[in-house]
Amino acid sequence: MSGSDNFEAMAPPEQDQRPQSASGAMRDLDAVYDIPVQISAVLGRATMQVSQLLKLGRGAVVELDRRLGEAVDIYVNNRLVARGEVVMVDDNRLGITMTEIVKSDRGG
């Protein structure tokens, strides 16, 4: 075999002969798309004693650890994945606009 023969053997196959790995992977992901996940938006948190909690009644205000206009945390299956802003979707519904994707500290 000459050097040019080796080069031709290493050339990518023709378009119709390429492995279907890309479309096969997409078909494998189709099953994942139907898995339900729980999405939560956390406006803020507060810590108090049980005695304080029991004294709360209708109209009580619980002060959260966030300021007005500060981003809310967005969790998917109890894992922080993003931050966003509260928006009005309809006259009586709220939604979240994602403004930042939170990178996971976990490797892999």
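Residues numbered from 1 in each chain as written. Predicted model: local features only at pLDDT ≥ 70, side-chain atom pairs only at ≥ 80, totals over all residues. Heavy atoms only, no water.

## Side note on the layout of surface pockets
Roughly 190 Å³ of internal volume is contained in the largest pocket. Contributing to the lining of the largest pocket are Leu43, Leu64, Arg66, Arg67, Leu68, Gly69, Glu70, Val72, Gly84, Glu85 and Val86. For the lining of the largest pocket, the residue count by class is five nonpolar, two polar and four charged. (1 Å grid on protein atoms, 1.4 Å probe; cavity = no way out; pocket = protein on both sides within 12 Å on 5 of 7 lines; lining within 4 Å. Points joined across faces, edges and corners; volume = space filled by probe spheres on them. Nonpolar A, V, L, I, M, F, W, Y, C, P; charged D, E, K, R; others polar.)

## Focus on the pairing of strand E2 (residues 72-76)
Buried residues dominate E2, accounting for four of its five residues. Where strand E1 (residues 39-42) and E2 come together, four bridges link them in antiparallel fashion. Following the sheet pairing, Ala41 is matched in E2 by Ile74. In the sheet, E2 pairs with strand E3 (residues 79-90) via five bridges, with the strands oriented antiparallel. The residue bridging Tyr75 from the neighbouring strand is Leu80, located in E3. (Buried < 20%, exposed > 50% of the residue type's maximum accessible area, 1.4 Å probe, protein only. Helix = DSSP H or I, 4+ residues; strand = E, 2+ residues; numbered from the N terminus. Pairing = 2+ DSSP bridges.)

## Remarks on the pattern of salt bridges
For the coordinates displayed, the defined rule picks out three salt bridges. One salt bridge in this structure joins Asp73 and Arg83, with 3.0 Å as the shortest N-O distance. Pair noted here: Asp73 is in strand E2 and Arg83 is in strand E3, with a separation of 10 residues, a long-range link. Judged by its relative accessible area of 6%, Asp73 is buried. (Salt bridge = Lys/Arg side-chain N within 4 Å of Asp/Glu carboxyl O.)

## Quick word on the sheet that holds E1
One key point about sheets: their strands pair by backbone hydrogen bonds, in either a parallel or an antiparallel sense. The antiparallel open sheet is built from four strands, whose spatial order is E1-E2-E3-E4. Of all the strands in the sheet, the pair left with one neighbour each is E1 and strand E4 (93-101). Taking the axes of each pair of neighbouring strands and ignoring which way they run, one obtains an average angle of 40 degrees across the sheet. Across eight bridges, the pairing between E3 and E4 is antiparallel. When the bridges of E4 are listed, Glu85 appears paired with Thr97. (Axes fitted to C-alpha atoms, helices over the stretch in contact; angles between N-to-C directions.)

## As for the confidence of the model for the protein chain
Here the protein chain shows a mean pLDDT of 81. Residues at 70 or above account for 74%. Here residues 1-20 scores under 50 on pLDDT; set against residues more than four positions off or in separate chains, the count is three contacts. (pLDDT = per-residue confidence, 0-100. Contact = heavy atoms within 4.5 Å.)

## So, a nonpolar patch on the surface
There is a patch of nonpolar side chains on the surface, built from Leu43, Met48, Leu53, Leu56, Val62, Leu64, Val86, Met88, Leu94 and Ile96 and spanning about 890 Å² of accessible area. Mapped onto the nonpolar patch, the elements with two or more residues apiece are E3 and E4. Within the element layout of this structure, Val62 appears in the loop between helix H3 (50-55) and E2. (Patch = residues over 30% accessible without salt bridge, like charges linked within 9 Å, V, L, I, M, F, W, Y side chains within 5 Å. Areas by Shrake-Rupley, 256 points an atom, 1.4 Å probe, with all protein chains shown as cover.)

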